[in-house]
Amino acid sequence: MRVILADDSMLLREGLARLLDEAEFDVVGRARDGDELLALVSTHRPDVAIVDIRMPPTHTDEGLRAARTIRERWPDVGILVLSQFARPSYAFELLEVGTEGIGYMLKDRVSDLETLADGVRRVAAGGSVLDPSVVGQLVGRPRRGRDPLDELTEREREVLGLMAEGRTNRAIAEQLVITEHTVEKHVTNVMGKLQIPASADDHRRVLAVLTFLDSA
Amino acid sequence: MRPRLWPITLAPARLALVPAALAAGIGAAAVMAGAPDEPPSGAEIAVSLLVGWSFVASGLVAWERRPDNVTGKVMVATGFAWFAHELVWATEPVLWTLGQLLESTYLLGVGFLLVSFPDGRLHTAAERWVVATAVLIVGPLQIAWLLLGYGDARGCACPDNVVQVADVPAASEAIVLVQQALGAVLAAGTIAVVALRWRRASPSRRLAIAPVLVTGAVLFALIIPWTLNDLLDEPLDDWPDVAVQLALATVPVAFLIGLLRTRLARGAVADLMVELGEEVAPGTLHAALARALRDPSLKVAYWLADAERFVDAEGRPVTLPEGSERAVTEVRREGRRIAALVHDPALADEPELVASAGAAAGLALENERLQAELRARLEDLRASRERIVEAAEAERKRIERDLHDGTQQRLVSIAMTLGLADSRFDRDPARARSLLDEARASLSAALRELRELSHGIHPGILTERGLDAALKELAYGARLPLELDVGLSKRLPDRIEAAAYFMVSEALTNIAKHADASAVRVRVQRTDGLAVVEIADDGVGGADTAHGSGLRGLADRVDALGGRLRVESPPGRGTVVHAEIPCA
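Figured I'd write up the structure that's included with this text. Computed from a prediction, not measured in an experiment: that's the story for all the values here.

**Some points on the overall build of chain B**
Point 1. A count of helical and extended segments in chain B gives 17 helices and 10 strands.
Point 2. Per-residue burial for chain B yields a buried fraction of 43% across its 584 residues.
Point 3. Within chain B, contacts between residues separated by at least 24 positions form 66% of all contacts whose residues are at least 6 apart in sequence.
Point 4. Carbon and sulfur atoms form 60% of the exposed surface of chain B, whose accessible area is close to 29,900 Å².

**Describing a negative patch on the surface**
Residue and element names in this part refer to chain B.
Point 1. Taken together, the side chains of Glu-44, Asp-230, Asp-233, Glu-234 and Asp-241 present a region of like negative charge at the surface.
Point 2. Mapped onto the elements of the fold, Asp-233 is located in the loop between helix H9 (203–231) and helix H10 (239–277).
Point 3. Among the residues examined, Asp-233 registers a relative accessible area of 69% and is labelled exposed.

**Some thoughts on the sheet that holds strand S2 (residues 26–31) of chain A**
Sheet strands pair via backbone hydrogen bonds, and the direction of the pair is either parallel or antiparallel.
All names here are of chain A.
Point 1. Pairing is parallel across the open sheet formed by 6 strands, whose spatial order is S2-S1-S3-S4-S5-S6. The two strands at the open ends of the sheet, each matched to only one other strand, are S2 and strand S6 (128–130). Along the sheet, successive strands turn relative to each other by an average axial angle of 20 degrees, direction set aside.
Point 2. With 5 bridges joining them, strand S1 (residues 2–6) and S2 adopt parallel strand pairing. Each bridged residue has a counterpart across the sheet, and for Leu-5 the counterpart in S2 is Arg-30.
Point 3. Contacting S1, S2, strand S3 (48–52) and strand S4 (78–83), helix H1 (residues 10–22) crosses the sheet at an angle of about 170 degrees to S2.
Point 4. Taken strand by strand, helix H4 (residues 88–97) contacts S4, strand S5 (102–106) and S6, and its axis lies near 165 degrees from that of S5.

**A look at the interface of chain B and chain A**
Point 1. In this assembly, 21 residues from chain B lie in contact with 25 residues from chain A.
Point 2. Taking both sides of the interface into account, the surface hidden between chain B and chain A amounts to around 1,900 Å²; carbon and sulfur atoms contribute 49%.
Point 3. Broken down residue by residue, the surface that chain B buries against chain A is led by B:Arg451, B:Arg465 and B:Tyr476, which jointly contribute 37%.
Point 4. Applying the counting criterion to the chain B and chain A interface returns 6 salt bridges.
Point 5. One salt bridge connects B:Glu464 with A:Arg87, and the closest N-O pair in it is separated by 3.5 Å.
Point 6. Viewed at the interface, chain A and chain B are joined by 9 residue pairs in polar contact (both at pLDDT 80 or more).
Point 7. Residue assignment for the side of chain B that touches chain A shows that the elements contributing at least two residues are helix H14 (429–457) and helix H15 (460–477) of chain B.
Point 8. By residue class, the composition of the side of chain B that touches chain A is 9 nonpolar, 4 polar and 8 charged.

**Points about the side chain of B:His343**
Residue and element names in this part refer to chain B.
Point 1. Mapped onto the elements of the fold, His-343 is located in strand S5 (residues 336–343).
Point 2. A relative accessible area of 1% places His-343 in the buried class.
Point 3. Of the polar contacts made by the side chain of His-343, one reaches the side chain of Thr-329; its length is 2.6 Å.

So, how was this worked out
Residues numbered from 1 in each chain as written. Chains lettered and ligands numbered in written order. Predicted model: local features only at pLDDT ≥ 70, side-chain atom pairs only at ≥ 80, totals over all residues. Heavy atoms only, no water. Helix = DSSP H or I, 4+ residues; strand = E, 2+ residues; numbered from the N terminus. Buried < 20%, exposed > 50% of the residue type's maximum accessible area, 1.4 Å probe, protein only. Contact = heavy atoms within 4.5 Å. Areas by Shrake-Rupley, 256 points an atom, 1.4 Å probe, with all protein chains shown as cover. Patch = residues over 30% accessible without salt bridge, like charges linked within 9 Å, V, L, I, M, F, W, Y side chains within 5 Å. Salt bridge = Lys/Arg side-chain N within 4 Å of Asp/Glu carboxyl O. Lys, Arg positive; Asp, Glu negative; His and termini not counted. Charge placed at Lys NZ, Arg CZ, Asp CG, Glu CD. Pairing = 2+ DSSP bridges. Axes fitted to C-alpha atoms, helices over the stretch in contact; angles between N-to-C directions. Buried area = accessible area lost by both parts, 1.4 Å probe. Polar contact = N/O pair within 3.5 Å; in protein donor to acceptor, adjacent residues only side chain to side chain. Nonpolar A, V, L, I, M, F, W, Y, C, P; charged D, E, K, R; others polar.

Have a look at this one:
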């Protein structure tokens, strides 16, 4: 699997490359900023571009902008945005670009090679990846009046969180060590209790769940 | 122009009393001179005229100058009563009887003046009792004595008592005894009241009443031996009579002097105007006012309309006194409050004097007020700058401590764990692996700490996405449901965004700590060149910028941007923190 890295910190860029190399990804390009990244993507057409959100020259949201451009010009390139902070608003901005083959991950996760590799693979496979800490903030945020999430059982809340992270039913089943059929039942219950319109499409499901969590 | 004491012009109504007093005096002198046996000497008649005319003259002046004060009228009446009492020398029965009837009325007048000077009012129960007792002696008892026969002990060949209805010498003698006894008690009571008045009087009031009270006290002190002398068949011959007459002659003079001092104080207002017309050295206005009003304890408090508080000339906060210890007169200029004079309550007797001094000093007070306002602002600025520097210092210390005690220690421990893993690597790979896991977990924690630290110093999202997004992030992490109402069409300047962000952040911390609230509403708007930030909760209220460094720090921050922070926090009804910051 071919990936391109973009991070202005040489230390991180090289470290990340080494880790990905270790996980048997093929790192075909390393960029220091958005422009370099776009040039490299244009040349190499990787499966996934791993992009630091904060890069020169403005050190604000170059990663997000680059993601938007990449999605416009090369829609089949997966994008995994790395961020120092778990910010729901950035995650939503990113998901506006698209939910297919898009991921938002906290930089800390790179310390766990498994998690990093899993995220890159899911994005490459066209899935959505949302960092658990972002989902945690959305699920755990205080709500006015009666919290509809109180209706859910412990297991249903777990399923809701995993759905929001962008996981498929199969992945949820693996994670919770239950059958896919049981997961489906939980999903139906959650959507019913929260009155989220059911959708067979995983991507639409992610958006629906996140929108609910953000607005409820 | 300095007002002159003399000549004094009188209103026509009062002017008419002058010939009346002259006629009364001449009449009284004629009656005295025409007494059948042992008529008063020329000197005695002269002293009598002096006493009567002094009262009338000084009374007329007092009446003219202070028409609202009863003192002048009473003095005039006392003068006439004095001449009336000389009718006891008359040979004509009706005049003689009238003289007997009004014999002691002048003493009632003198007594009233003594206990009521300088404002002409009776304030205490003791003062009212003194006057009531005097009325009893010179009124009902005197009438009863006349009705029951004059019972004259002198055994003179007196004219007929035209109002006599019965001749009961025993009763009328008893009445005289009662009158004299009551008179002695009354004299003692008056001295006591006068002493009490003196003791309670403030310096400026003492200045006005000193001469009157001194002569009055001397007079009444002389009345005691005079009465005793009369009761004990004159063992001291008639020298107490002479002494009392002379003392009485000094009383109206004393009233004149007292009056003169009030006049001088009024003249001093004119002096003040002259003085203020010239250059007023900074800080001397207060002294000039104190001089003009003869109140060394006078204080000037300047009103700062913006801050809604009083300050002194140096700009230091001043609290206006409440209660009767001090009196406060507000000074307004063109309808606006500019200052307050805090003065001796005695000056409240002459409100127009204080008011005219205030009005005379109006422009100078306004100038001083502006300077005081400037000083107050400088002082506020200095204090807030100091607090900001202190807060920054404290913040740096906190960051240093967090880095040293937290992240740095963690990194050291990670280095040791890695060293340990390295040394175990060959011998005990399983142990080495668990040490590596440990190091990684520790690193995650260190990263989290660093992230929180850097976010606390300046939240990146504020720069990247602006206030709206930053507040939204804040809402995600808040412990309470947050209703955001951010109406900004474009971004605010950086420093205002930062101030607004930290204001909300700090307010949320405060609310979580103290308010016991169930919801918070945050409103940010930009209207008419102002950024308005408002945080309202439904908690217990009772917050105060004066206490708690959190709100104080917010106020300083807003202040530094030229804005104003207001905290409304009625107990039990939630707290609203409202800031308005100018932004072009």
